[in-house]
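Coordinates in review
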Amino acid sequence: MGDNYVTCQTEKGSINISEEVITSVVKSAISEIDGVAGLSNTAGSELAELIGLKTVTKGVKVQFIDGKILADIIITVVYGCNIVNVAREVQEKVMSLVQASTGIENAEVNVHVSGIAFDK
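The paragraphs below set out a description of the structure included in this document. (Residues numbered from 1 in each chain as written. Predicted model: local features only at pLDDT ≥ 70, side-chain atom pairs only at ≥ 80, totals over all residues. Heavy atoms only, no water.)

1. Focus on the pairing of strand E2 (residues 13–18)
Across 6 bridges, strand E1 (residues 5–10) lies against E2 in antiparallel orientation. Its bridge partner lying in E2, threonine 7 is registered against asparagine 16. Hairpin connection between E1 and E2: a loop of 2 residues separates the two successive antiparallel strands. (Pairing = 2+ DSSP bridges. Helix = DSSP H or I, 4+ residues; strand = E, 2+ residues; numbered from the N terminus.)

In structure tokens, the structure reads:
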């Protein structure tokens, strides 16, 4: 991911933002959401493979395709929380932070719930 950049052309030149920077923004947004136990690490390896993640431990894949930021996120949800509500909150928070931090309004956030985390 380190060699991939989101490029924005302006009248003064180009602005390049590393996909790793956007991944950090995504991870920061997720850490603030109640009900998210964390990014999936070993669970959901088939799902990670399906969306093209090379390392399952990250749980986030960010791409820039046709002028649009595309984020795929694999999370686990805390037992007892409404899965759909948590996933929607992840979508909204990530979308908002990515748009605010990059200025790129065209974004898509796909949330994949790979499991439930139970209290020990």
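2. Focus on a nonpolar patch on the surface
A cluster of nonpolar side chains, contributed by Tyr79, Ile83, Val113, Ile116 and Phe118, occupies part of the molecular surface with about 480 Å² of accessible area. Considering the arrangement of structural elements, one finds isoleucine 83 in helix H3 (residues 83–102). With a relative accessible area of 36%, isoleucine 83 lands in the partly exposed category. (Patch = residues over 30% accessible without salt bridge, like charges linked within 9 Å, V, L, I, M, F, W, Y side chains within 5 Å. Areas by Shrake-Rupley, 256 points an atom, 1.4 Å probe, with all protein chains shown as cover. Salt bridge = Lys/Arg side-chain N within 4 Å of Asp/Glu carboxyl O. Buried < 20%, exposed > 50% of the residue type's maximum accessible area, 1.4 Å probe, protein only.)

3. Things to note about H3
Spanning 20 residues, H3 covers 28 Å between terminal C-alpha atoms, matching the ideal 28 Å at 1.5 Å per step. Turning to H3, its buried residues are Val86, Ala87, Val90, Val94, Val98, Gln99 and Thr102. Of the surrounding secondary structure, the elements contacted by the buried residues of H3 are E2, helix H1 (19–31), strand E3 (36–39), strand E5 (68–78) and strand E6 (107–117). For H3, the N-terminal capping position is held by asparagine 82, with its side-chain oxygen 3.0 Å away from the main-chain nitrogen of valine 84. Looking one or two places after H3, you find glycine 103, whose phi comes out positive at around 80 degrees. (Expected span 1.5 Å × (residues − 1). Contact = heavy atoms within 4.5 Å. Polar contact = N/O pair within 3.5 Å; in protein donor to acceptor, adjacent residues only side chain to side chain.)

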